[in-house]
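# Examining the three-dimensional arrangement
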Amino acid sequence: MSLAADAFVSQMAAAEPWPESATLYQPLKEDQILLSECASSLAVQAYLRMCGLPVQVVCKANAEYMSPSGKIPFIHVGNQVVSELGPIVQFTKAKGHSLSEGLDDIQRAEMKAYMELVNNMLLTAELYIQWCDDGTAAEITRPRYSSPYSWPLSTILAYQKQWEVRRKMNAIGWGGKNLEQVYEDVSQCCQALSQRLGTQPFFFNKQPTELDALVFGHLFTILTTRLTSTELAERVRGYGNLLSFCRRIEQTYFEDRTS
Amino acid sequence: MAAPDELFVWEGDWGLPSVNSDCLVLLAYAQFSGAPLKVHKVCNPWRCPGGAIPALRTAHKEALWRPSDIIIHLRKQKYNADFDLSAKEAADSLAFIALIQQKLTPAVLYALWVEPKNYVEVTRRWYAEHMSFPLSLFLPGRMQRHQLDTLRLLRGDASLEASEELEKELYGDATDCMDLLAQRLGTQKFFFGDSPSSLDAFVFGWLAPILKCKLPNGKLQQHLKSLDNLHAFCANILLIYFPNNSAPRSGRSDECRDPEHVPNRRTKQFLSALAALGAMLSYALLTGMVSVQHGHKGAVEHSGLSHPHQDDDEDD
């Protein structure tokens, strides 16, 4: 979202309270949604639940094309549409709901850094495994991604998306990696998160922040999604405190709706 | 051990050991970890392994290009700048490096390669002046397209162009990132106490060009200069780890900015003389001031004719 629109949104947002009719859009849950999209969507849902803001989840086959930034998920609140966790956090902050108010400057810097770590490594690894591992792409990703469309559009769109993701991987230097190196990166990232969490209930002691929501979204999705290989989930399972962290957040915030 | 690893980096200027951020990160890391690299400062990527800069040629003649691969390679050889970090510090280091890659890198690429004024007046000029003749015509442009492509893919926007809105957004992210780094650094000498680590190398590599390069659009530099501790941090690393670069090189770079000084003077003079000569000749030919006589063979065959000029006219 652009900065000008950002400023406009925060002005508008401050004026109105959070409506009951807020909606979160994501692709079809059973047939279409991919690992990385599911993780991002779950992160936003967890964040909104931590803030105590009600939101209704709606699955749409064309969610990707409805989103203003082309990224999933996005929320529709009042007459505004905001996509991705970062801007959504800004948006709720403008409405007076924030989880990171209590942090000092250094903690806030660390929180932002760890959020970028998750985006930089976990999200990229998910994208890599989905689209650049040939087995996963052929068996899971392309069929699911193109499920709402009929042939030949389905094939064209799926390969177009795959090509785009592969180019992005080349641009950030992941193009030359093999699967083992990607798993190694995931382990490294989990190791760092596990170190940071230690024995605390949340990353910054007793209060959850947007970092907790983001980490939960990704780890929980990795743990509960079936891929062609279980290696990715196994890498996460090696860290006991992260597992109990996921369980704790699931119980606290998702008790009523077990998926 | 056999021959040392060889590192190929872009030449330095503006008081920096290299003008490229990736190269600066690697040079700083090598200094911090004490790795004995043989550094080649070059301006011709085609003479480097794989045609890319930075590049590392290992003792076993393998080539590595990605900075992270090169750092891992050095680490495997026991040149580890992060040896003293605790597990939690290592985690923090990884997180802040991710922060730099996500927030600061796109803005620096934008400032140097995409912002039209900066690119034309500083970046393209620098690379064109430092490359040898035929390369300088097309390589800077090709590098720019590559960087623009990278930025487009990073942002997920295929039609991204230089615009005020984009600049505001990227610079906003970058200034936030600098603020966060400044807060994390506080009053310490380095990010994790008294000895530098890989995070310090990354911060230095991406901030030093902003600090030292005089760009027409210098909003990032203004902000960085307002953060005293980060500013001092970069100056300090330059002073301690690259002492011979900061002093004598700056003298040379002044010389470079001097309009009288042109690299490859002889070649350029020769080529421009050649071009001028070619232009004059073709003008003369086209306007008919000079004409080339074709009818030589005919003239020999019809040697009996007493008017070779007529013969010429028929041939034409």
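So, a few notes on the structure that sits alongside this text. (Residues numbered from 1 in each chain as written. Chains lettered and ligands numbered in written order. Predicted model: local features only at pLDDT ≥ 70, side-chain atom pairs only at ≥ 80, totals over all residues. Heavy atoms only, no water.)

The subject of this paragraph is empty space enclosed by the protein. All names here are of chain A. Within this structure, the stated rule accounts for four cavities of 30 Å³ or more. Considered as a void within the structure, the largest cavity measures approximately 70 Å³ in volume. Around the largest cavity sit Pro27, Gln32, Leu34, Glu37, Ala61, Ala63, Glu64, Tyr65, Ile72, Tyr145 and Tyr149, which together line it. The element best represented in the lining of the largest cavity is helix 3 (residues 63-66), accounting for three residues. Residues that form the lining of the largest cavity fall into these classes: eight nonpolar, one polar and two charged. (1 Å grid on protein atoms, 1.4 Å probe; cavity = no way out; pocket = protein on both sides within 12 Å on 5 of 7 lines; lining within 4 Å. Points joined across faces, edges and corners; volume = space filled by probe spheres on them. Helix = DSSP H or I, 4+ residues; strand = E, 2+ residues; numbered from the N terminus. Nonpolar A, V, L, I, M, F, W, Y, C, P; charged D, E, K, R; others polar.)

Residues and elements named next belong to chain A. Counted as a void, the second largest pocket has a volume near 810 Å³. Forming the boundary of the second largest pocket are 30 residues, of which Lys29, Ile33, Cys38, Thr224 and Thr225 lie nearest the centre. Mapped onto the lining of the second largest pocket, the elements with two or more residues apiece are helix 2 (35-51), strand 2 (56-59), helix 6 (134-145) and helix 9 (210-224). Tallying contributions element by element places helix 2 first for the lining of the second largest pocket, with six residues.

Counting residues in each nonpolar core, the largest one holds 168 residues, and the members touching the most others are Ile75(A) and Leu230(B). Examining the composition of this core, we find that 17 residues originate from one element, helix 3 (residues 87-114) of chain B, more than from any other. Those residues within four positions of Leu230(B) in sequence are excluded, and the remaining contacts are Met178(B), Leu181(B), Ala182(B), Leu185(B), Phe191(B), Val203(B), Leu207(B) and Leu224(B). (Core = buried A, V, L, I, M, F, W, Y, C linked by side-chain atoms within 4.5 Å. Buried < 20%, exposed > 50% of the residue type's maximum accessible area, 1.4 Å probe, protein only. Contact = heavy atoms within 4.5 Å.)

On to the interface of chain B and chain A, then. Between chain B and chain A, the residue contacts involve 24 residues of the former and 28 residues of the latter. Among the residues of chain B in contact with chain A, Arg66(B), Leu94(B) and Leu153(B) are the three that bury the most area, contributing 23% of the side total. For Arg184(B), the salt bridge identified is with Glu110(A), shortest N-O distance 3.6 Å. Counting across the interface, chain B meets chain A through five residue pairs in polar contact (both at pLDDT 80 or more). For the side of chain B that touches chain A, the elements supplying multiple residues, two or more each, are helix 3, helix 5 (133-155) and helix 6 (164-185) of chain B. Element by element, the count of residues in the side of chain B that touches chain A is highest for helix 3 of chain B, at twelve residues. Classifying every residue of the side of chain B that touches chain A gives ten nonpolar, four polar and ten charged. (Buried area = accessible area lost by both parts, 1.4 Å probe. Salt bridge = Lys/Arg side-chain N within 4 Å of Asp/Glu carboxyl O. Polar contact = N/O pair within 3.5 Å; in protein donor to acceptor, adjacent residues only side chain to side chain.)

With an omega dihedral of 0°, the bond running from Ile72(A) to Pro73(A) counts as a cis peptide bond. The omega angle of the peptide bond from Trp151(A) to Pro152(A) is 5°, so this bond is cis rather than trans. With respect to the helices and strands, Pro152(A) occurs in the loop between helix 6 and helix 7 (153-171). Even without being a glycine, Glu84(A) presents a positive backbone phi close to 75°. As for its placement among the helices and strands, Glu84(A) is situated in the loop between strand 4 (80-83) and helix 4 (85-94). Residue Trp14(B) is not a glycine yet carries a positive backbone phi of 55°. Along the polypeptide, Trp14(B) turns up in the loop between strand 1 (6-10) and helix 1 (21-33). A relative accessible area of 14% places Trp14(B) in the buried class.

Now for helix 4 (residues 116-130) of chain B. Residues and elements named next belong to chain B. For helix 4, which comprises 15 residues, the first-to-last C-alpha distance of 20 Å matches the rise-based estimate of 21 Å (1.5 Å per residue) to within 8%. Bending of helix 4 peaks at approximately 35° at the position of arginine 124. All of the buried residues in helix 4 are Asn118, Tyr119, Val122, Thr123, Trp126, Tyr127 and His130. (Expected span 1.5 Å × (residues − 1). Bend = angle between axes of the 7 residues up to and from the residue.)

All names here are of chain A. At their nearest, the axes of helix 2 and helix 9 sit 7 Å apart, and the two run at 140° to each other. The orientation of helix 2 with respect to helix 9, classified from their angle, is oblique. In this structure, helix 2 meets helix 9 at a crossing whose hand is right-handed. Counted together, Leu35, Cys38, Ala39, Leu42, Ala43, Ala46, Tyr47 and Met50 of helix 2 and Glu210, Asp212, Ala213, Leu214, Phe216, Gly217, His218, Phe220, Thr221 and Ile222 of helix 9 form the full contact between these two elements. Along the lines of polarity and charge, the residues of the contact of helix 2 with helix 9 split into 13 nonpolar, three polar and two charged. (Axes fitted to C-alpha atoms, helices over the stretch in contact; angles between N-to-C directions. Parallel < 35°, antiparallel > 145°, perpendicular 65-115°, else oblique. Left-handed = near helix turned anticlockwise from the far one by under 90°.)

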